[in-house]
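Spelled out, the chains give:
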Amino acid sequence: MMKTNLARTLREPAELVAEQLAPTEALPVLERVAARYAVAITPALVELIDKSDPDDPIARQFVPSAAELEVQPSENADPIGDHPHSPVPGIVHRYPDRVLFKLVHVCAVYCRFCFRREMVGPGKENALSDSAYRTAIDYIRAHGEIWEVILTGGDPLMLSPRRMGEIMADLAAIDHVKIIRLHTRVPVAEPARVSDEIVAALRVEGATTWVAVHVNHARELTGPARAACARLVDAGIPLVSQSVLLRGVNDNVAALSDLMRAFVECRIKPYYLHHGDLAPGTAHLRTTLAEGQDLMRQLRGRVSGLCQPDYVIDIPGGAGKSPVGPNYVLPMQNTAPDARDAASETRYRIVDYCGDVHLYPPET
């Protein structure tokens, strides 16, 4: 079994100062931040931080900041509205054919932009109780429309291989559950934790396993992280990506291109690029929608179609995700007598990746 390094994870502001990840004079305010929001930076990520760069994109994701104490009126402890869609503890049933199953409330590393930052970390429940777990499984079993179960939290790969195997078996035994998807940071935060034992636990008869890997900067995909992802793919587990568009981390087309290409090199299909949620104390990390749309336009012409994620926003209050990428098709006024006739179809202006406009159908 591979040994992990979680015991050496930095969890206290004083440790961040000792590691030169924060200045001594910042200690009092960082202690106030840490009293509200969990802090944890694993050795794998500490090693990636360029301490000579005050704007290092890795540090910006994980080292706490005084700006986190500034809460905007629009920010909310439950920014994507999980609570109104939670019929029993641990379950979020927002969409008809799938549920979130929040097994644990701990992570290997705590992101400074986390939309569940008020619900995870020390002082919170570490995991569902046995009775809450059974109630959640019973709910999934009773709802035949549930085709996919998404294991989240917290990070489900914080569970032991034995416990993970039990959960996977319980879910795969439900006839209508065909897909089990896990959302995780572990392959980059603590690659050694993606052991042969945990990989074996994720493979079950009766359901197909997918893993969504959360990465925001290409530097996170180190050699060990890539090897961890390869262990999953080589075992027949397909991977997709999740990223958050973050100011000062990946909000330029070069960084975003490098990230999406790195995913594809690792056999991870780019899936979602999330607009930053309205979580408390995260305004300094959010971009505008217009900035995100402009980046997606630039990405379209710059990198392969394999490298294109969906740019999405979780609508505050619980209405779900909506794609918010740029619109390349602009209708023109239709002067044809019958727009249902293909020969007299409404004409459109279509914008290509260079910004040039073309008419469709073309003029003859």
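Structural data are supplied above this passage.
Just so you know, these numbers come straight off a predicted model, no measurement behind them.

Basis of the calculations
Residues numbered from 1 in each chain as written. Predicted model: local features only at pLDDT ≥ 70, side-chain atom pairs only at ≥ 80, totals over all residues. Heavy atoms only, no water. Helix = DSSP H or I, 4+ residues; strand = E, 2+ residues; numbered from the N terminus. Buried < 20%, exposed > 50% of the residue type's maximum accessible area, 1.4 Å probe, protein only. Contact = heavy atoms within 4.5 Å. Core = buried A, V, L, I, M, F, W, Y, C linked by side-chain atoms within 4.5 Å. Phe/Tyr/Trp six-rings, centres within 6.5 Å; stacked < 30°, edge-to-face > 60°. Salt bridge = Lys/Arg side-chain N within 4 Å of Asp/Glu carboxyl O. 1 Å grid on protein atoms, 1.4 Å probe; cavity = no way out; pocket = protein on both sides within 12 Å on 5 of 7 lines; lining within 4 Å. Points joined across faces, edges and corners; volume = space filled by probe spheres on them. Nonpolar A, V, L, I, M, F, W, Y, C, P; charged D, E, K, R; others polar.

Moving on, we get to the overall build of the protein. Looking only at helices and strands, one finds 11 helices and 12 strands in the protein. Reported as C-alpha extents along the three principal axes, the dimensions of the protein are approximately 70 × 55 × 40 Å. Each of the 364 residues in the protein was classed as buried or not, and the buried ones make up 49%. For the protein, long-range pairs separated by at least 24 residues make up 74% of all intrachain contacts whose partners lie at least 6 apart in sequence.

Phe101, Ile140, Leu151 and Met164 are the most contacted members of the largest nonpolar core, which totals 93 residues. Those residues in contact with Leu151, other than ones at most four positions away along the chain, are Phe101, Leu103, Pro156, Met164, Ile167, Met168, Leu171, Ile180, Arg181, Leu182 and His183. Listed in part, the five residues of the second largest apolar core include Ala38, Cys107, Tyr110 and Val120.

A complete count under the given rule lists two aromatic pairs for this structure. A ring pair is formed by Phe101 and Tyr133, whose centres lie 5.8 Å apart and whose planes are at 15 degrees; its orientation type is stacked. Of this pair, Phe101 sits in strand E2 (residues 98–102) while Tyr133 sits in helix H5 (residues 130–142), and the two are 32 residues apart along the sequence. For Phe101, a relative accessible area of 0% gives the class buried.

This part takes up the pattern of salt bridges. A complete count under the given rule lists 20 salt bridges for this structure. Measuring nitrogen to oxygen at the nearest pair gives 2.8 Å for the salt bridge that ties Arg162 to Glu166. Of the two residues, Arg162 and Glu166 both sit in helix H6 (residues 161–172), four residues apart, roughly one turn of that helix. Two residues, Glu166 and Arg163, come together in a salt bridge whose shortest N-O distance is 3.0 Å. Of this pair, Glu166 and Arg163 both sit in helix H6, separated by three residues, roughly a single helical turn. For Glu166, a relative accessible area of 32% puts it in the partly exposed group. For Arg163, a relative accessible area of 21% translates into the label partly exposed. One salt-bridge network, in which partners are shared between bridges, spans Asp82, Arg94, Lys102 and Arg116.

Another aspect to go through is the layout of surface pockets. Considering only enclosed or pocket space, the largest pocket measures out at about 850 Å³ in volume. Lining the largest pocket we find 40 residues, and of these Phe115, Arg116, Thr152, His183 and Gln242 sit closest to its centre. Contributing elements (two or more residues each) for the lining of the largest pocket: strand E1 (91–95), E2, strand E3 (148–152), strand E4 (179–184), strand E6 (239–244) and strand E7 (268–274). Residues that form the lining of the largest pocket fall into these classes: 18 nonpolar, 12 polar and 10 charged. Lining the second largest pocket are 23 residues, and of these Leu21, Pro54, Ala59, Val63 and Pro64 lie nearest its centre. Those elements giving two or more residues to the lining of the second largest pocket turn out to be helix H2 (27–36) and helix H4 (57–62). Split by residue class, the lining of the second largest pocket holds 12 nonpolar, three polar and eight charged.

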